[in-house]
Amino acid sequence: MKSIEVDSVLELIQNTKNKSDQDKGCSKRKIYLRQWVMWLNFLLVQILLGMAYGYSAISLQQLKSTKNDETNDIKFENGEILGRPQLIVDSLDTQSWIASSMLLFMMPGCWILAASSNILGRKPILLISVAGFTVSWMIIAFANNAYHIIVGRSLSGVCVGIITGLTYMYLGECAIPKLRTIFYTLFTVSFTVGIELCHLIGTWYHWRTTALFSAGLGIITFFSNYHLPESPIWLIHKNKLKNALKSWLFLRGKTSDNEFESICSIIQFELRQNKVKESRIMKFYSPGFWKPLGILIALFTTAQMSGMAAVSFYCTLIIAEITNSTNGYIPTLILDTFRVGGSIILCFLAKQFTTRTLMIFSGISCSLTLFLLGLSIYFNFWTPWGQLILLFVHELTIVIGLGPLPWTFCSELFAVNHKEVGVSIITNYYCIISFVMVKACPYMFSTFQPWRTFLIYSSFTLIGTIVLYFILPNTKNKSMKEIELLFSKNSTS
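Predicted, not measured: the structure shown is a model, and the values here were computed from it.

A. Inspection of the overall build of the protein at higher detail. Counting its secondary structure elements, the protein contains 19 helices and zero strands. For the protein, with 493 residues in total, the buried portion stands at 59%. A separation of at least 24 residues holds for 85% of the contacts in the protein among residues at least 6 apart in sequence. Counting every atom, the protein has about 20,400 Å² of accessible surface; 66% of that belongs to carbon and sulfur.

B. Structural view of helix α18 (residues 419-471). The end-to-end C-alpha separation of α18 is 20 Å, well short of the 78 Å expected for 53 residues at 1.5 Å each. The principal kink in α18, of about 110°, is found at F448, preceding the proline P450 by one to four residues.

C. Focus on the side chain of E395. Relative to the elements of secondary structure, E395 occurs in helix α16 (residues 385-402). With relative accessibility at 3%, the residue E395 sits in the buried group.

D. View of the packing of helix α5 (residues 122-141) against helix α6 (residues 146-174). Remark: α5 packs on α6, axes separated minimally by 8 Å, with the N-to-C direction vectors making an angle of 155°. In terms of axis orientation, α5 runs roughly antiparallel to α6. Crossing handedness for the pair α5 and α6: left-handed. Among the residues forming the contact of α5 with α6, the class breakdown is 16 nonpolar, seven polar and four charged.

E. View of the packing of aromatic side chains. Across all of its chains, the model carries 24 aromatic pairs by this definition. With a centroid separation of 4.6 Å and an interplanar angle of 90°, the aromatic rings of F381 and W382 are classed as edge-to-face. For W382, a relative accessible area of 49% puts it in the partly exposed group. In this structure, K123 packs its charged tip against the face of Y226, placed 5.4 Å from the ring centre. The ring of Y469 has R356 sitting right over it, with the charged end atom 5.2 Å from the ring centre.

F. Looking closely at the confidence of the model for the protein. Model confidence for the protein is summarised by a mean pLDDT of 81, while 82% of its residues fall at 70 or above. This stretch, residues 19-25, has a pLDDT under 50; its non-local contacts, to residues over four places away or in other chains, come to three contacts.

G. A look at the state of the cysteines. Summed over all chains, the structure comprises zero disulfides. Free cysteine C431: the closest other cysteine sulfur is in C110, separated by 3.8 Å. Assessed through its relative accessible area of 0%, C431 is described here as buried.

H. Focus on the packing of helix α7 (residues 177-204) against helix α17 (residues 405-413). For the pair α7 and α17, the least separation of the axes is 10 Å and the interaxial angle reads 145°. In this structure, α7 crosses over α17, and the sense of that crossing is right-handed. Here R180, T181 and Y184 of α7 come into contact with α17, specifically with T408, S411 and E412.

I. Representation of the nonpolar core in the model. In this structure, M38, L126, F133, W137, L296 and Y314 are the most contacted members of the largest nonpolar core, which totals 126 residues. Of all the elements, helix α2 (residues 28-63) adds the most residues to this core, at 18 residues.

J. Region of interest: the environment of K439. Looking at where K439 falls in the secondary structure, it is placed in helix α18. Judged by its relative accessible area of 14%, K439 is buried. Note: C-alpha distance between K439 and A99 (340 residues apart in sequence) is 7.6 Å. When sequence neighbours within four positions are dropped, the list of residues in contact with K439 reads D93, S96, W97 and S100. At 3.4 Å, the side chain of K439 and the side chain of D93 are in polar contact.

K. Focus on the pattern of salt bridges. Applying the stated criterion across every chain, the model contains four salt bridges. We note a salt bridge from E173 to R122, for which the minimum N-O separation is 2.8 Å. With E173 in helix α6 and R122 in helix α5, this residue pair connects regions lying 51 residues apart in the sequence. With relative accessibility at 5%, the residue E173 sits in the buried group. Looking at R122, the relative accessible area reads 2%, which means it is buried. Residue R339 is joined to D336 by a salt bridge in which the shortest nitrogen-to-oxygen separation is 2.5 Å. On the criterion of helical spacing, the pair formed by R339 and D336 is a turn pair, its members being three residues apart in helix α14 (residues 329-352). Comparing R339 with D336 shows no difference in burial state: the two are buried. Overlapping salt bridges bring together D336, R339 and E395 as one network.

L. Representation of a nonpolar patch on the surface within the structure. Together, I330, I334, F338 and W385 line one region of the surface with nonpolar side chains, adding up to about 360 Å² of accessible area. When residues in the nonpolar patch are grouped by element, the largest group, three residues, is from α14. Its location among the elements puts I334 in helix α14. Exposure remark for I334: the relative accessible area of 31% places this residue in the partly exposed category.

M. Quick peek at unusual backbone geometry. Even without a glycine there, the phi angle at N380 is positive, about 60°. Tracing the chain through its elements places N380 in the loop between α15 (355-379) and α16. We note that Q449 has phi near 75°; this positive angle belongs to a residue other than glycine. Following the sequence through the fold, Q449 ends up in helix α18. The exposure class of Q449 is partly exposed, given its relative accessible area of 41%.

N. Highlighting α15. Helix length check: α15, at 25 residues, gives a terminal C-alpha distance of 36 Å against a target of 36 Å (1.5 Å per residue), a fit within 8%. In the stretch just after α15, N380 is the one whose phi turns positive, near 60°.

Here is what the cut-offs are and how they apply
Residues numbered from 1 in each chain as written. Predicted model: local features only at pLDDT ≥ 70, side-chain atom pairs only at ≥ 80, totals over all residues. Heavy atoms only, no water. Helix = DSSP H or I, 4+ residues; strand = E, 2+ residues; numbered from the N terminus. Buried < 20%, exposed > 50% of the residue type's maximum accessible area, 1.4 Å probe, protein only. Contact = heavy atoms within 4.5 Å. Areas by Shrake-Rupley, 256 points an atom, 1.4 Å probe, with all protein chains shown as cover. Expected span 1.5 Å × (residues − 1). Bend = angle between axes of the 7 residues up to and from the residue. Axes fitted to C-alpha atoms, helices over the stretch in contact; angles between N-to-C directions. Parallel < 35°, antiparallel > 145°, perpendicular 65-115°, else oblique. Left-handed = near helix turned anticlockwise from the far one by under 90°. Nonpolar A, V, L, I, M, F, W, Y, C, P; charged D, E, K, R; others polar. Phe/Tyr/Trp six-rings, centres within 6.5 Å; stacked < 30°, edge-to-face > 60°. Lys NZ or Arg CZ within 6 Å of the ring centre and 35° of its normal. pLDDT = per-residue confidence, 0-100. Disulfide = S-S within 2.5 Å. Core = buried A, V, L, I, M, F, W, Y, C linked by side-chain atoms within 4.5 Å. Polar contact = N/O pair within 3.5 Å; in protein donor to acceptor, adjacent residues only side chain to side chain. Salt bridge = Lys/Arg side-chain N within 4 Å of Asp/Glu carboxyl O. Patch = residues over 30% accessible without salt bridge, like charges linked within 9 Å, V, L, I, M, F, W, Y side chains within 5 Å.

Structure, rendered in structure tokens:
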């Protein structure tokens, strides 16, 4: 990589300013409009992710259905559209693989992200992943047996592994600092809308039809994101300064020229330091890398030990067991509504409170609801609606903190030169612990019974929240440079 010369950056900025002055530049309103249009493109990606996460809940319920299933009366069709054979999966092991295979194969997706996003760029990787998503849904829609479904879910897992970290990283590099937290919280809204949309379609349509609809949404998402600008931060790293400044001015306007110049100076300094005294490996031994890494590992461990993924992937089956009914769809849609409502509430809470405060509150309230749910099941009181309400409140506490906010911290805590590797490591860790929790969930329910399982979740969530109280920094309204200085000063407050 060629060195980034600050003088050439200043000259480039000045020439652009002169042109902008002649054209009267872009108004603040136009810049904000472009930011929101950019976010709408990422919104479609998040809806796709939500549908992938919500799919196993409706498909597993249908795959184990019998002729006496109560849900057959409310469906508009039972797979006749595609004319494929009906599949029944009664094996607990096969069911758990259908649910968890996506999480397992998210890990190769993380490796691909780390290896290729710095080479190919953010935008090409995003488009390739969305295209792969569409193919995976088509495989599921036309599956002849359970193993084809697992293959399709595995391919979608690779794409989810790439997209999950990439979208937060991509948006973080393009968004205005004042809008960044709002966009991240709105990610949660679109993600939960994707889950509810999947469950809504799956309630009245066959699992094949649901997969076909998801494939169609993937095609729309691909062409929508085709017009996104490339990340200006990535372009700076590649020394493509003209394209970087063009992208920067399009997304942020000329009022942020000083920040652009500052970022170029920082990257130039890092490149010179690496040439003089650092190898590519040594920079990952700095506190600026391993401190954020440790904090994020604690964050994601706490989030997953709350049973977040397990409840999301098996919610229809869990609800059916609580209500002693084969129809868990309608309560599942109510649960989804709680998720969407919670994500909207988070948008307002994010303006009033720091992400640190929301995380601590979410952890404590989640632990409490899990504890009450476990006691309710053991002593057989508040059945069934009281237990369902506790399950709904549990999801609400997840959505306002433990679910989305760790990804916000993931995009913010790592410095620019650590971001690809750091995000990849954390996403890999998230995949591993999510896979373990989802794969183990049905066995924990059968071995420990549901009430013990919920008490285990409650205990680990409380312990993790106490740890986070002492180590989690406050990043609200801070620029990337200010967040990086938190760790260079050995400060976590």
